[in-house]
Amino acid sequence: MNTMLLTHNLSLAQIEALAPDAASLKAGKGLALPHKWLNPAGSSEALWGECAGSGAKPYRTQVDLREPNPAFKCSCPSRKFPCKHGLGLILLAAHEPKVLSVAEPPDWVSEWLQLRSERQQKAESKKKQALTEAQLRADGLADSASSSDSVLSGAPAKAGSKTSEAEKERKRHANLQAGLEELKLWLEDLVRRGLAHLPAENISYFEQMAARMVDAQAPGLARRVRNLAACVQAGSNWAEKTLEQLGLIQLLVQGYERLDQLDPGLQAEIKNQLGWTLSQETLLQSAPAKDRSLDNWLILGQVFSSDERLRVRRTWLLGLRSGRYALLLDFAFAASPFKQLWTPGQSLEAELVWFPGSWPLRGLVSLVQGEQLPRGPALAELPCFESWQDLRRQRAQALAANPWLEHQAACLADLTPHLQLDSLWLEDSQGVSLPVWPGFEQSWLLLALSGGQPLRLSLESDGERIFPLGVWSEQGYLAFNSLESGGR
Amino acid sequence: MQELWQNLLKTALPGTAQAVLGKLVLPELEALITGPHTPESRLLRQAAALSLYQRAGHQFQSRFAERAAVAEPESRVLCPDALLAFWQKLLSYWPQARFKPDWRLLQRETLRQLANRGWRFPHHLLPELLEMGNDWGREDPQLRLEILPLLGRRGIWLAAGPATAQAVKQPWKWVFDPQLPQDSPPLEQGALAASLYLRRLRQQDPQAGLRQLQALWPKASPTLRSALLPVLQAGLNADDEAFLETCLDDKRLRQAAQELLSHLPQSCFVARMQARILPLLSLKPLKKRAGAELDLRLPAWPTDPLEAAVWARDGLEKASFSSLASRQLVAEALLKCCPPASWLKHLLPHADQAAARVELLELVQAATYFKHLLSGLVGATLNFADAEMAQALLARPALWQRNPHGQLLPLALVPVLSLQSQQEAYLKALAGNAAGVPPQAWVSRRDGQAVGQGFVAAWAERLATELQASASLQELHLLGISPSLLLPPFLILGAAPEWLPVLETSAQHLLAPLLEAEPESKALPDKSLQQAAQDLSELLRLLELRAELYRLFAFTDNPN
C-alpha cells in the first residue's frame, strides 16, 4: 500500500521527532491504536481519519504525505502542532498500515490538499521569480531588467517606492541612534557607580532600558540588556559574566557608530545583532548568487530553548559537498507550532540562502530539489574536526569575524564518551576530555553506541559547553532526541 | 590575559567613581582603544576588547581521563530488523493496554524466543531494554533473565558502568555477566545481580544453586542473606530442607524459610505444623441427628519451655495466642501448612479419595469455624498445588456464597488446576454454565502445557454456537459475556504456535464482525459497552501480534 511506503520513508524515530514536545508524543502514541479511530484511511498522497475526543463530533485529522516533511491538519482545538491526533494517525499508519483502508480522499481532505497545492505553487513561483531576479542581478543585468520592469509597470511608482524605502531607513537610523545615545549614558552611569550595586537593583532597572531599546527598534540590544539581569544572578562568577556582556554591548554600540567604515559583511552582522533583520521574503528576493548554496544538507540535529514564552529552535545542517555548517533559526510563541518541520537524521538536496553577515552561518532553505533520505551518508564522506584543539582554533577565527557569535555546530571524529562521577565527558584522539552539558539526557545511549571505542559525533558548542546532536553508528546517522533540552 | 581581566574587574566592581582604571599593558589591545574617552567609556572598551580576546582564546575546561575498559566484541547475532520493528510495535500498545499482564506475557515470550535464537538487541536500544529490566523486573525477575542474553557483550559492559577509576552510579544493578565462570555468585556486582544469577542457576541445576548459596553463607551479611534466600523458590525441592531448617534459627530469615518449607509436604517443618493442628481437628457426632460435624479446637501456647522454644523457632509467637481472634488466625496459618491429603487421612481415613474430598468440603461448609477452615484449606491447596482439591473446591459453588474472600478465592485456585480441567470449565462457562464461579475465573493465562488443536477447534465450535444465539456485542454484553470470555487470554497466549494461524482465522471470522457491526458510537449506548468493544478489539490485537510474531519467526528460521 502506498501509505505504507510513504510513512516508511520516515523511521519511527523520525516520526517521533515531529512531535512538538514529549507530552504530545506520549499522547500521540496513546492514539496510535486502531480502536481509537473511525474510518482511518489513506491514499498515495494523504492519511485521514476521525478520532473521538471530548466534543460531540469526532475530530477530523489529516496528514499530507506529498512533501518529504508531512503536513498536518486537525479540527481539534489544540494549539500544538502537530497535535496528538496527527501524531497518532501517522504512528498508526507506520505501525499498522493494514488498519488503514485505501480510498479516494473525501471532500474535506481533497479540499485541504488542493488548497495546499495552490499555496505551494504560489510560493514556488514567487521563489523562482526571486531566483531569476537574483541571478540577473548577479550577472549585472538587474538594472536593465528592473528598468524594463519600470517601463512596464510605470517608472514613477518605482521611484516613489525607492524614496519611501530610503526615508523609512533614514527614520529608523535616527531612531536607533537616539536610543543608542541613551544606552551609552546608561552604561557609563552603570560603570561609574560600579557593578557591585547591580545585585541590589530591581529587575525594572534593566527592563526599562530594554524597553527603550525596543522603542529604538533594536530588539537584539534589548535582549542583551535583559541578559544582564540574568548575568547578575549567575552565581559566583556573576561579575565576570556581567562585564563580558557589557563588553559585547559596548562593542555593538561602538560598531554601529563606525558602521560606514566597516566592510559590508560586518555591517550586516551589526545590524543583525541590533535586531535590524531582513525579512525572509526580502532575503530570498535579494540574495545574490554567491549567497546561495546548493548542497545535500544533512539535518544534524535540533536544540530547543525558550526565552519567556518565545520558543527558539536551532536546526543545524551540514552541507555534505561543501562541508559548510548552517543554522536554521525558527521561533514560535507559546504553544503555537514552528512553521517548518525538519527531521533530524534526514538529508535533503536543497538551495540554502545565507543571511548576510561577517561569518555567515544562519540560512534559509529556499528550494528543496530532492527528497529527504532516511539515512545519513557513509562516514568517509564527511568533513570533520580531528580534535578539540582544531575546533577551538576554528572558533577563534569565527569570533574574530563575528564577536557576537554564540552557538556553532561541528562534527568531530574519534570522540570517546566516558563517565566520571556521573557526568559525561568526550575524550578526543589527543586524550583531552571535555564535559557534556549536564542537561543532555542520552548519555547512556551514547555510551552504548560507543562501547568504549571512539565515535564520530556532531555537536553544538557555545564555546564552553558541548551538546551532542547526533552520532554515526553502524546503522547510519542517529540524531539525539533534543525535545527535552528546553531552557538551555 | 587573566590578570588583565581581573584588574579590570577590580575597577568595574567599585565603579570608576571610586577606583582608577589602569592602562592595558598589551599595546595591540591599547591601540584598539583610540580617541578621547571618559574613564567609563574606556573601561567598557577595554572590557569589549579583553572579553573578545578571552573568548577567542578560551581553553575548554579539559581534563585527561583515565581510559575506560572497552566492550568485548559481540558473539551473538544482531536481531533482524523485522523483529525489532515488531518489538517496537508491541511496546507501543503498552501505554493504553487494559490487559497489561497479558501484554507483559507476550513481551516476555518475545524476548525469550529472540534470545533462544541466539540474537541480541542493537546497541542503541540497550538503555531502553535495561530500563525495562529495572522497572518491570522488580515484580517479575524472570523478565530480567529473558533480557539478559539479549544484552550481548555491549549491554553487559554498559550495565557494569563503563569502568573508570571514579565511582559511577550504576543504574542497572541486577545485571550479571552470564559468560563469567559459574562457580560462585557475582557478589562484587551486588545482591541483585547475585540473586538473579542464583535464580538462573536454580532453574538449570537446583543442587548447584543450593551448593553455591551454602558456600557463600558464612561470609554473607544478614542483608545479603535476606536478599538471597528467596531464590530457593526456583526449583524448590526436598534437598533444600536441611539448609532451610538451619535458616529457621535466624530470626531475620525465619519468615522466608518458613514460607519455603511450607511448600515441602515431606518436610519436618510441615510435620511439626501438622502435629500442632491436626489433633485439634476432629469429627464430632451431632447431638440431635445422625452424622458428624467438623470441630476445631483452637491451639494454645505450650507450657513446656522447650516446646515453646521449638514453636518460636517455627515462626509462631506467644503474643499471637493472647486473644480468641488471634488464635483463630494461628489455626488458619497452621492449617495452610497441612497438605489437603493429610486432612483427608486424618479425618476420613477409610473413604475413597474423591468421595472424601466432597465429604470434607461438606463438613467445612457446615463447620462453626467455616471462614478459617475454608481459608486454611484453600491455602493448603495452593501451597501444595493440589489440583484435585482445587477442582473439588471450584466445583462447589455453595462455598463461594458464604466465602468472605469473594471472587479472589476461585481466581487464585485456577492456576492449580490441570489445563484440561480449566479448558472444560471454560467451555461450560462460555455456554453460560459457570457453576457459580465468576466466568472470568477461567480465562486467565497459565504456564505449562500448550493449548493444542483439539481445544482450539472446541473453542471455535462453542463460540460459533453462542454467537448464533446472540449475534451482537450488545446482546452478549447484556448476558454478561465479557470479551475475555469470548477470546480468553489463556487461549491467545497458550495456543501452540503451529495452531495460531487457525486460531487467528477463527477469531477474525467469528469475532471481528461483532466490532464491524458497531462502528458508530451511537450504536454503543453506554460506556461499558464501548469498553467491551475496545476490550475485544484489544484481545484480537493481542492474538494478531502473537500470530505475527511466529509468522516472522517462520520466515527468519527458514528464509528459503
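Predicted, not measured: the structure shown is a model, and the values here were computed from it.

1. A closer look at the interface of chain B and chain A
Argument step 1. With 63 residues of chain B at the interface, the matching set in chain A holds 69 residues.
Argument step 2. Summing the contributions of chain B and of chain A, the shared interface buries around 6000 Å²; its carbon and sulfur component is 61%.
Argument step 3. In this structure, the connection of chain B to chain A is made through 2 salt bridges.
Argument step 4. Salt-bridge contacts for E244 of chain A lead to R55 of chain B; the nearest nitrogen and oxygen are separated by 4.0 Å.
Argument step 5. The interface formed by chain B and chain A holds 12 residue pairs in polar contact (both at pLDDT 80 or more) in total.
Argument step 6. Broken down by secondary-structure element, the contributors of at least two residues to the side of chain B that touches chain A are helix 1 (2-12), helix 3 (39-56), helix 4 (81-92), helix 6 (126-137), helix 8 (152-159) and helix 29 (527-557) of chain B.

2. Section: the state of the cysteines
Argument step 1. On inspection of all chains with the given rule, the structure shows 0 disulfides over all chains.
Argument step 2. Between C268 of chain B, a cysteine without a disulfide, and C337 of chain B, which holds the nearest cysteine sulfur, the sulfur-to-sulfur distance is 14 Å.

3. Re the side chain of H418 of chain A
Residue and element names in this part refer to chain A.
Argument step 1. For H418, the position within the fold is in strand 11 (residues 408-420).
Argument step 2. Taking relative accessible area as the criterion, H418 reaches 2% and is therefore assigned buried.
Argument step 3. For H418, the side chain forms a polar contact with the side chain of S433, separated by 3.2 Å.

4. Considering the side chain of E351 of chain A
Residue and element names in this part refer to chain A.
Argument step 1. With respect to the helices and strands, the residue E351 is situated in strand 9 (residues 347-354).
Argument step 2. In this structure the side chain of E351 is engaged in a polar contact, spanning 3.3 Å, whose partner is the side chain of R292.
Argument step 3. Here S366 takes part through its side chain, which lies 2.4 Å from a polar atom of the side chain of E351.

5. Concerning the sheet that holds strand 2 (residues 46-51) of chain A
Residues and elements named next belong to chain A.
Argument step 1. In spatial order, the strands read 4-3-2-1-5; together these 5 strands make up an open sheet with mixed pairing. Each edge of the open sheet is held by one strand with a lone partner, namely strand 4 (71-74) and strand 5 (101-102).
Argument step 2. Two elements, strand 2 and strand 3 (residues 59-64), share 6 bridges in a ladder whose sense is antiparallel. If you follow E50 over to strand 3, its bridge partner there is R60.

6. Section: the sheet that holds strand 8 (residues 325-333) of chain A
Residue and element names in this part refer to chain A.
Argument step 1. Taken in spatial order, the 5 strands line up as 8-7-6-9-10 in an open sheet, and their pairing is antiparallel. Edge positions in the sheet fall to strand 8 and strand 10 (363-368), since each has one partner strand and no second. For this sheet the average axis-to-axis angle between neighbouring strands, irrespective of direction, equals 45°.
Argument step 2. The pairing of strand 6 (residues 292-307) with strand 9 spans 7 bridges and is classified as antiparallel. Residue pairing across strands places W297 opposite L348, the latter belonging to strand 9.

7. A word on helix 4 (residues 84-95) of chain A
Residues and elements named next belong to chain A.
Argument step 1. The end-to-end C-alpha distance of helix 4, which contains 12 residues, comes to 16 Å, matching closely the 16 Å that a straight helix rising 1.5 Å per residue would cover.
Argument step 2. Most of helix 4 sits inside the fold, with 11 of its 12 residues counted as buried.
Argument step 3. Listed as buried for helix 4 are H85, G86, L87, G88, L89, I90, L91, L92, A93, A94 and H95.

8. Considerations on the confidence of the model for chain A
Argument step 1. With 85% of its residues at a pLDDT of 70 or more, chain A shows a mean pLDDT of 82.
Argument step 2. Here residues 1-6 of chain A is a poorly scored stretch, pLDDT under 50, and it has 14 contacts once near neighbours within four places are set aside; other chains count.

Calculation criteria
Residues numbered from 1 in each chain as written. Chains lettered and ligands numbered in written order. Predicted model: local features only at pLDDT ≥ 70, side-chain atom pairs only at ≥ 80, totals over all residues. Heavy atoms only, no water. Contact = heavy atoms within 4.5 Å. Buried area = accessible area lost by both parts, 1.4 Å probe. Salt bridge = Lys/Arg side-chain N within 4 Å of Asp/Glu carboxyl O. Polar contact = N/O pair within 3.5 Å; in protein donor to acceptor, adjacent residues only side chain to side chain. Helix = DSSP H or I, 4+ residues; strand = E, 2+ residues; numbered from the N terminus. Disulfide = S-S within 2.5 Å. Buried < 20%, exposed > 50% of the residue type's maximum accessible area, 1.4 Å probe, protein only. Pairing = 2+ DSSP bridges. Axes fitted to C-alpha atoms, helices over the stretch in contact; angles between N-to-C directions. Expected span 1.5 Å × (residues − 1). pLDDT = per-residue confidence, 0-100.

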